[in-house]
Amino acid sequence: MAGVAKQNILLGVTGGISAYKSVELARLLLKAGASVRVVMTEAAGRFVSPLTFQAVTGNPVRTALFDEKHEAAMGHIELARWADRMLIAPASADFMARMAQGVANDLLSTVYLACPSPVAIAPAMNTNMWQHPAVQHNLSVLEGRGVRVLGPASGEQACGDKGFGRMLEPMEILATLKKELQSMPFASKKVLVTAGPTHEAIDPVRFIGNRSSGKMGYALARAFQEKGADVLLVSGPVSLASPPGVERIEVQTALQMYEAVFENIHAVDIFAGCAAVADYRPEHASEQKIKKSADKMDITLVRNPDILAEVAALEDGPFTLGFAAETEKLIENARAKLQAKQLDMLAANRVGEGMGFERDENSLRVIWSAGEEQLPVQDKQLLAEALVDLLANRYQANE
Ligand code: CTP
């Protein structure tokens, strides 16, 4: 599917001696079929002239935020939207610090904050600077937010020092980018994942819930994000952190989950219903805490909407992946569910004694109309990655 060809790449160049290498990088990206636009910081302009990049890319090079002529042609927000990817090479220690802090005091840092697409940086600096705890801290902040870090390489530096800090060679940056894009089957696809349990209130302190920990849904969201998707996670109450780069809407009840899903579903290419949605909710939730006065208590439950089935029934709806937790007749029940809900794919797992919920490992039987595959017991993150690979094949076949 996606390679470097036809990608809109916004190349950010910051101040450092290796800025001259980025001219070659821009040329290689163009040769590989990408569209390239360059944004330079003021410091970068001290090392290489914007005109050099302009001559290589054939596009005007932007350096200033408040440039009326350029803003009228393509404003900084449009520029951020235009980019399928942002690549900042070289990324100086100063620029990494500004990225980590969210400082938007020039055009490149502003575009970075406004850019919803994946961002990669190729750091370049003196080896002592690279090793400084402040730089390493910023690095881990950026990695934690899903910024891809390419390099740096080790070797002799312009200043004479030896060690890590050299910018990767343009050919190496291109090769890494190509490899990543080839393993990005969901580049520019929007995926919505539901995860976790729902809590259906009985009164202000009690609810009906289930044992779902959300681990599988969160692992799935991370796996989709790592394969290039723009992921929205609609999550019931769990104690997990959002995977890096994943947007999350938190809900409590099935009705809230339903609303959050249908507010967003129209832009979605793939829907993965991984939440253990409560099938029923108390008809009336008491406004005050219920006192234990009577010997017996009846709670009338009413059906919740089936989010997955309703998404699958949409005209021109997304590709749908459902989950089925079964205690018996796994394959028979799963096939019936695939049919009944008209899903594209269903992942079934056995639950009960020591299996399924609240565990770090699981196995899945994945079925679709004309086939099935068993994914063996493994860590839920690895399992999610295998499931996403399988889904990529089915999704591409459907397209
Ligand atoms: N699901 C949903 N909304 C509901 C109930 C379930 O979106 N109100 C989705 C779950 O996220 C999961 C699949 O449907 O992907 C699970 O279905 P499951 O609860 O196992 O089966 P049901 O269809 O509810 O049938 P049963 O409980 O009778 O097995």
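Residues numbered from 1 in each chain as written. Predicted model: local features only at pLDDT ≥ 70, side-chain atom pairs only at ≥ 80, totals over all residues. Heavy atoms only, no water.

Chemist: Sorry, what's going on with the overall build of the protein here?
Modeler: Helix and strand content of the protein: 14 helices and 19 strands. Dimensions of the protein, computed from the C-alpha atoms along their principal axes, are close to 80 × 50 × 45 Å. Expressed as a percentage of the 399 residues in the protein, the buried residues total 49%. Considering only intrachain contacts with a sequence separation of at least 6, the fraction spanning at least 24 residues in the protein is 67%. When the accessible surface of the protein is split by element, carbon and sulfur atoms take 49% of a total near 19,500 Å². Averaging the positions of the 40 positive and the 47 negative side-chain charges in the protein gives two centres separated by 3 Å. (Helix = DSSP H or I, 4+ residues; strand = E, 2+ residues; numbered from the N terminus. Buried < 20%, exposed > 50% of the residue type's maximum accessible area, 1.4 Å probe, protein only. Contact = heavy atoms within 4.5 Å. Areas by Shrake-Rupley, 256 points an atom, 1.4 Å probe, with all protein chains shown as cover. Lys, Arg positive; Asp, Glu negative; His and termini not counted. Charge placed at Lys NZ, Arg CZ, Asp CG, Glu CD.)

Chemist: Help me out: how do you make sense of the environment of Phe-164 in this one?
Modeler: Mapping Phe-164 onto the fold places it in strand E7 (residues 162-166). Here Phe-164 falls in the partly exposed class, since its relative accessible area comes to 45%. Separated by 91 residues in the primary sequence, Phe-164 and Leu-255 place their C-alpha atoms 53 Å from one another.

Chemist: Sorry if this is basic, but what is going on with the site of the ligand here?
Modeler: Contacts to the ligand come from 15 residues, most closely from Gly-273, Ala-275, Pro-305, Phe-323 and Lys-337. One of the backbone N or O atoms of Ala-275 is found 2.6 Å from an oxygen atom in the ligand. In this structure, a nitrogen atom belonging to the ligand sits 3.0 Å away from a main-chain N or O atom of Ile-307. Its free accessible area being 570 Å², the ligand has 74% of it covered by the protein chains. (Near = heavy atom within 4 Å. Polar contact = N/O pair within 3.5 Å; in protein donor to acceptor, adjacent residues only side chain to side chain.)

Chemist: Explain the nonpolar core to me, please; I cannot follow it from the model alone.
Modeler: A general feature of soluble globular proteins is that nonpolar side chains tend to end up buried together. Among the nonpolar cores identified, the biggest contains 35 residues, and Val-193, Leu-220, Phe-224 and Leu-387 are the most heavily contacted of them. The set of elements that each furnish at least two residues to this core consists of strand E8 (190-195), helix H10 (215-226), strand E11 (230-235), strand E13 (270-273), strand E16 (319-326), strand E17 (345-350), strand E18 (361-368) and helix H14 (380-398). For this core, the leading source of residues is H14, giving eight residues. With residues near it in sequence (within four places) discarded, Leu-220 still touches Val-193, Ala-272, Leu-321, Phe-323, Ala-384, Leu-387 and Val-388. Val-4, Ala-44, Met-167 and Leu-168 belong to the second-largest nonpolar core, a separate cluster that totals 31 residues. (Core = buried A, V, L, I, M, F, W, Y, C linked by side-chain atoms within 4.5 Å.)

Chemist: Even after reading the chapter, I still don't get unusual backbone geometry, so can you show me in this structure?
Modeler: Negative phi is the rule for most residues except glycine; trans is the rule for most peptide bonds. That bond from Ala-89 to Pro-90 is cis: its omega, -5 degrees, falls within 30 degrees of zero. Inspection of the secondary structure puts Pro-90 in strand E3 (residues 85-91). Pro-152 follows Gly-151 through a cis peptide bond whose omega is 0 degrees. By secondary structure assignment, the location of Pro-152 is in the loop between strand E5 (148-149) and strand E6 (153-156). Not every positive phi belongs to a glycine, and Lys-329 is a case in point at roughly 40 degrees. For Lys-329, the location among the structural elements is in the loop between E16 and helix H13 (330-341). Judged by relative accessible area, which is 48%, Lys-329 ranks as partly exposed.

Chemist: Please explain the domain arrangement of the protein as it appears in this structure.
Modeler: In many reports, interface size means the accessible area that the parts give up when they come together. We note that the domain assignment places domain 1 (8-182) and domain 2 (190-398) within the protein. Of note, the centres of domain 1 and domain 2, computed from C-alpha atoms alone, are 39 Å apart. (Domains from an automatic or database assignment.)

Chemist: Please clarify how H13 should be interpreted in this entry.
Modeler: The periodicity of an α-helix, 3.6 residues per turn, causes residues three or four positions apart to be oriented the same way. In this model H13 runs 16 Å from its N-terminal to its C-terminal C-alpha over 12 residues, within 8% of the 16 Å that 1.5 Å per residue would give. Looking at the packing, one finds that the buried side of H13 touches E16, E17 and E18. A positive backbone phi angle near 55 degrees is found at Gln-342, which sits one or two residues after H13. (Expected span 1.5 Å × (residues − 1).)

Chemist: I tried to follow the environment of Lys-21 on my own but got confused; where do I start?
Modeler: Relative to the helices and strands, Lys-21 is located in helix H1 (residues 19-31). Lys-21 gets classed as buried once you look at its relative accessible area, which sits at 11%. A distance of 3.1 Å separates the side chain of Lys-21 from the side chain of Glu-169, its partner in a polar contact.

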